[in-house]
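# Analysis of the macromolecular model
Below, each chain spelled out in residue letters.
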Amino acid sequence: MDKNIADLRKDYTLQDLNETEVNPNPFIQFKLWFDQAIEAKLLEPNAMTLATSTPDGKPSARMVLLKDFDERGFVLFTNYNSHKGQEITANPQAALVFWWAELERQVRIVGCVEKISAEESDGYFEVRPHNSRLGAWASNQSEVIASREVLEVQLQDFQRKYENQEVPRPPHWGGFRVIPQEIEFWQGRSSRLHDRLLYSRWDDGSWKIQRLSP
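Residue numbers here run from 1 along each chain, matching the order of that chain's written sequence. In view of the model being predicted, local features appear only for residues whose pLDDT reaches at least 70, and side-chain atom pairs are presented and counted only at 80 or more, with totals across whole chains, interfaces and linings using the full set of residues. Where side-chain values are given, they derive from all heavy atoms of the structure, hydrogens and water being excluded.

### Remarks on the side chain of glutamine 29
Counting through the fold element by element, glutamine 29 comes out in helix H2 (residues 26–39). Type-normalised accessible area, obtained with a 1.4 Å probe on protein chains alone, sets the label of each residue: buried when under 20%, exposed when over 50%, and partly exposed for intermediate values. Under the relative-accessibility criterion, glutamine 29 is labelled buried at 4%. Those residues in contact with glutamine 29, other than ones at most four positions away along the chain, are Val22, Asn23, Phe185 and Tyr199. Runs of H or I in DSSP of at least four residues are treated as helices and runs of E of at least two as strands, each being numbered from the N terminus. Contacts between residues were defined by any pair of non-hydrogen atoms, one from each residue, lying within 4.5 Å.

So, in structure tokens, the structure goes:
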């Protein structure tokens, strides 16, 4: 083991997390923490790890961006033919992790996944920057390409095709919503005795809060 890696550690001392102080609704509690992450001017507070797996259990994970959330769930956008899109379609279960290091906080979300409506996807696509909309057409996400030049030529082709006109949403591009069954709020504490509060959804839609040992 690399001794320098083994010696890396930080004692978390900023805040605590108590059952009596959190909101009983995990979406309201998430919004509170998310707003605080924005106010703290963190770099891309909406960045999150998305973990998916194949039907036979082979996992994969990558960083993506949260683009919307409400009591229905947490929304991200992608090419449906991408690696993650294909895995979600074949096995519609996923996990999300937010890590806000400066606040010594983590949020972990586990749930099922559904496609959002075409109207919702259209609405978000229309507010994307022009070049980002073109990029959704130019990139066959996750496919092997021979060189960077291939991608740039494809972008140029679509720039010419949609010059001086609106860029429509590709049919293979849109949003997924992660519908949580569990949401865990983690606050770093001293001596690795971290605070972990787990919200679990009951069948009637209400939420149970339990403290987990760190």
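### Observations regarding the UniProt feature "domain: Pyridoxine 5'-phosphate oxidase dimerisation C-terminal" (unreviewed entry) in the protein chain
UniProt positions are given in the numbering used here, feature names are shortened, and annotations may be inferred rather than shown by experiment. Within this numbering scheme, the UniProt entry marks residues 173–214 as carrying the feature "domain: Pyridoxine 5'-phosphate oxidase dimerisation C-terminal" (unreviewed entry). Helix makes up 0% of residues 173–214 and strand 67%. Its end C-alpha atoms lie 39 Å apart.

### Focus on the packing of aromatic side chains
Here the aromatic set is Phe, Tyr and Trp, taking the six-membered ring for Trp, and pairing holds for ring centres within 6.5 Å; pairs whose planes are under 30 degrees apart are stacked, those over 60 apart are edge-to-face, and all others are tilted. Scanning the model with the defined rule gives 23 aromatic pairs in all. Here phenylalanine 34 and phenylalanine 69 contribute two aromatic rings whose centre-to-centre distance is 5.7 Å and whose plane-to-plane angle is 75 degrees, an arrangement assigned as edge-to-face. One end of the pair, phenylalanine 34, is in helix H2; the other, phenylalanine 69, is in strand E3 (residues 68–70), and 35 residues separate them in sequence. This pair shows no difference in class: phenylalanine 34 is buried, exactly as phenylalanine 69 is. Among the aromatic residues, ring-to-ring pairing joins Phe27, Phe30, Phe34, Phe69, Phe74, Phe98, Trp100 and Trp207 into one connected group.

### So, the environment of proline 180
When you line up the elements, proline 180 lands in strand E7 (residues 173–187). The exposure class of proline 180 is buried, given its relative accessible area of 0%. On a C-alpha basis, the gap between proline 180 and leucine 96 in space is 9.5 Å, while along the polypeptide they are 84 residues apart.

### Looking at the UniProt feature "binding site: substrate" (unreviewed entry) in the protein chain
What UniProt calls "binding site: substrate" (unreviewed entry) maps, in this numbering, to Arg9, Lys10, Asp11, Tyr12, Lys67, Tyr124, Arg128, Ser132, Arg192, Leu193 and His194. Taken together, the annotated residues stretch across 186 residues and extend over separate regions, lying up to 43.4 Å apart by C-alpha. Summarising the element assignment, aspartate 11 is placed in the loop between helix H1 (3–6) and H2. Residue classification places aspartate 11 among the partly exposed positions, given a relative accessible area of 41%. At a separation of 2.8 Å, a polar atom in the side chain of aspartate 11 contacts the side chain of serine 190. Tracing the chain through its elements places tyrosine 124 in helix H4 (residues 118–127). Apart from the residues within four sequence positions on either side, tyrosine 124 is in contact with Lys67, Phe77 and Trp173. By the criterion applied in these results, polar contacts are pairs of N or O atoms within 3.5 Å in which, for protein atoms, one can donate a hydrogen and the other can accept it, and in which residues neighboring in sequence qualify only through two side-chain atoms.

### Some thoughts on helix H3 (residues 83–90)
Here H3 has its buried residues at Lys84, Gly85, Glu87 and Ile88. Projection of H3 onto a plane perpendicular to its axis shows the buried side chains occupying an angular sector of 165 degrees, all on one side. Of the exposed residues in H3, the ones pointing more than 90 degrees away from its buried face are Gln86 and Thr89. On its buried side, H3 packs onto strand E1 (47–53), strand E2 (59–65), strand E4 (73–79), strand E6 (105–115) and E7. It is the directions from the helix axis to the C-beta atoms whose arc is reported.

### Some remarks on the packing of helix H5 (residues 130–138) against helix H6 (residues 148–161)
Remark: H5 packs on H6, axes separated minimally by 9 Å, with the N-to-C direction vectors making an angle of 120 degrees. Of the two elements, H5 crosses H6, and the hand of that crossing is right-handed. Residues Asn131, Leu134, Gly135, Trp137 and Ala138 of H5 pack against Leu151, Gln154, Leu155, Phe158 and Gln159 of H6. For the contact of H5 with H6, the class distribution of residues is six nonpolar, four polar and no charged. Axis geometry follows a simple rule: fit a line to the C-alpha atoms, using only the stretch in contact for helices, then measure angles between N-to-C directions, giving values from 0 to 180 degrees. Each helix crossing is assigned a hand: it is left-handed if the near helix lies turned anticlockwise from the far helix by less than a right angle, otherwise right-handed if that turn is clockwise. Under this grouping Gly is polar, as are all residues other than the nonpolar Ala, Val, Leu, Ile, Met, Phe, Trp, Tyr, Cys and Pro and the charged Asp, Glu, Lys and Arg.

### What about the pattern of salt bridges?
Definition used for salt bridges: Asp or Glu carboxyl oxygen within 4 Å of a side-chain nitrogen of Lys or Arg. Taken as a whole, this structure holds 16 salt bridges when the rule is applied. Glutamate 104 is the partner of lysine 10 in a salt bridge, and the nearest nitrogen-oxygen pair spans 3.6 Å. Of this pair, lysine 10 sits in the loop between H1 and H2 while glutamate 104 sits in the loop between strand E5 (93–100) and E6; the two residues are 94 residues apart in sequence, bridging distant segments of the chain. A relative accessible area of 44% places lysine 10 in the partly exposed class. Note that arginine 108 is salt-bridged to glutamate 184, the shortest N-O span being 3.0 Å. One end of the pair, arginine 108, is in strand E6; the other, glutamate 184, is in strand E7, with 76 residues separating them in the sequence. Classification of arginine 108 as partly exposed rests on a relative accessible area of 25%. Classification of glutamate 184 as buried rests on a relative accessible area of 2%. One connected set of salt bridges, linked through shared partners, spans Asp70, Arg72, Glu114, Glu120 and Arg177.

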